[in-house]
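Structural overview
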Amino acid sequence: MSDYTPKPQNKFTFGLWTVGNRGVDPFGSAVREHKSPAELVRLLGEVGAYGVNFHDNDLIPIDATPSEAEAIKREFRKALSDTGLVVPMATTNLFSDPVFKDGAFTSNDSKVRAYALQKTMNAIDLGVEFGAKTYVFWGGREGTETDSSKSAVKSIERSREAMNFLCEYVIDKKYDLKFALEAKPNEPRGDIYNPTTGHMLAFIATLDHPEMVGVNPEVAHEHMAGINFMHGVAQAWEAGKLFHIDLNDQYPGRYDQDLRFGSRDIKAAFYLVKFLEDVKYDGSRHFDAHSYRTEDYEGVKDFARGCMRTYMILKEKAGQFNADQEVQSLLAEINADDGSMNQYFGKYDAKKASGLKEQSFDRVALGKRGLRYERLDQLTIDILLGIRK
Ligand code: GLT
Ligand code: MN
Ligand code: MN
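Quick look at the coordination of the manganese ion (ligand 3)
In this structure, Glu 218 (OE), His 221 (NE2), Asp 256 (OD) and Asp 258 (OD) serve as the protein donors to the manganese ion (ligand 3), at separations of 2.1 to 2.6 Å. One chain supplies every donor to the manganese ion (ligand 3), and in sequence these donors are spaced E-x2-H-x34-D-x1-D. The two metals, the manganese ion (ligand 3) and the manganese ion (ligand 2), are separated by 4.5 Å and share Glu 218 as a common coordinating residue. Of the two residues, His 221 is situated in helix α8 (residues 219-224) and Asp 256 in the loop between β9 (246-247) and α10 (266-278); the sequence distance between them amounts to 35 residues. On the basis of relative accessibility, which here comes to 13%, the residue Asp 256 falls in the buried class.

A few points about the site of ligand 1
In the neighbourhood of ligand 1, the contacting residues comprise Trp 17, His 55, Thr 91, Phe 95, Trp 138, Glu 182, Glu 218, His 221, Asp 246, Asp 256 and Asp 288. A distance of 2.7 Å separates an oxygen atom of ligand 1 from a polar side-chain atom of His 55. Interatomic distance of 3.3 Å between a side-chain N/O atom of His 221 and an oxygen atom of ligand 1. Across the complex, the protein chains shield 91% of the 310 Å² of accessible surface that ligand 1 would expose by itself.

Comments concerning the coordination of the manganese ion (ligand 2)
Each protein donor to the manganese ion (ligand 2) is listed here as Glu 182 (OE), Glu 218 (OE), Asp 246 (OD) and Asp 288 (OD); together their distances run 1.9 to 2.2 Å. For the manganese ion (ligand 2), the 6 donor atoms in the first shell make angles of 75 to 166 degrees at the metal, a pattern classed as octahedral. Taken in chain order, the donor set of the manganese ion (ligand 2) reads E-x35-E-x27-D-x41-D.

Some details on unusual backbone geometry
The omega angle of the peptide bond from Glu 187 to Pro 188 is 10 degrees, so this bond is cis rather than trans. As for its placement among the helices and strands, Pro 188 is situated in the loop between β6 (178-182) and β7 (191-192). In this model, Lys 11 sits at a positive phi of 50 degrees, which is unusual for a non-glycine residue. Position of Lys 11 among the secondary structure elements: in the segment before β1 (12-15). Backbone geometry places Asp 258, a non-glycine residue, at a positive phi of 50 degrees.

Criteria and cut-off values
- Residues numbered from 1 in each chain as written.
- Chains lettered and ligands numbered in written order.
- Predicted model: local features only at pLDDT ≥ 70, side-chain atom pairs only at ≥ 80, totals over all residues.
- Heavy atoms only, no water.
- Donors = N, O, S within 2.8 Å, 3.2 Å for Na, K, Ca; no water.
- Helix = DSSP H or I, 4+ residues; strand = E, 2+ residues; numbered from the N terminus.
- Buried < 20%, exposed > 50% of the residue type's maximum accessible area, 1.4 Å probe, protein only.
- Near = heavy atom within 4 Å.
- Polar contact = N/O pair within 3.5 Å; in protein donor to acceptor, adjacent residues only side chain to side chain.
- Areas by Shrake-Rupley, 256 points an atom, 1.4 Å probe, with all protein chains shown as cover.
- Tetrahedral: all angles 85-135°; square planar, octahedral: opposite > 155°, others 65-115°.

By themselves these figures say nothing about function.
See the structure below:
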């Protein structure tokens, strides 16, 4: 019998806003009572999570007095030390308060932009105080409903200026902190700038300190855009930019559902887990999801346990896939290479180019070869459905 108990080395983390989600939606009010940050840490300790992440205002309400803030921090710190949970990531809430209704770093109002920078510097201080090494930026309000309202180019310039300023702040303070930018195509804005992980990667390359900045791709956000999530993650990984990851699930073409990890598209979740484990990604596996609105806090625990359990089951399946003789011999057959073309690959030179132009290819025969992907995919399905031992 396999052991699916979460271990610290799995680096399973949850945001305070995930298990603390009270089920508010555009059509209904809260169904679960408020729990303090310390209570949520204890809940996470009970289900076996490794870490907890927070927005500044998940921990300290935006209008808390300094003495209230100190009391909350004290209680939170105590809960962390009692449970052994760590805080690997923190972020800023730049989307809930009415002041951000037209964006934070991209607002047309310079006072709002300046306030957003001030709020983020304070939130960075708070995250670092609790040990965060990764700082996420999700610009949920950085967009438009009407493109008459803002210049899309100016918005990118403003975003860049903010990132450059905040990178310098981190350097100035000598913080050991990296930034991870999280894309989303829409919601809450009609459209959000830098809508996919690919856009973010291109944006990062234009910053003053690109080495400090990577991405935080989220399953649901790329599925909303109809994109293969694992492909985006792989591209970020290959570029050395996979600093963090938000795991959940999502039906395409719907509002942001933040479903329990692996609860919708098991096959996509399998390829994702297999990728992360195969490349030995060693960052947090952060579940940015929440339980169904039907649940009480026992159901929230079921939800959190389910996210971690599914990840571990899929990790085991990935191991099984890699060890399966038939799968591996099919893969070897598919990738068979007699090396005769090696002379043409790699760095360009004129001799290679002219040699390649003279090479004759049996195009028709090459196109006739069956690739056996149907068999390979069915073997994958058999493994996932548990009938292949
Ligand atoms: C919000 C959003 C998430 C982001 C969080 C970080 S907040 O819940 O839907 O995808 O990761 O700001
Ligand atoms: Mn997210
Ligand atoms: Mn989301």
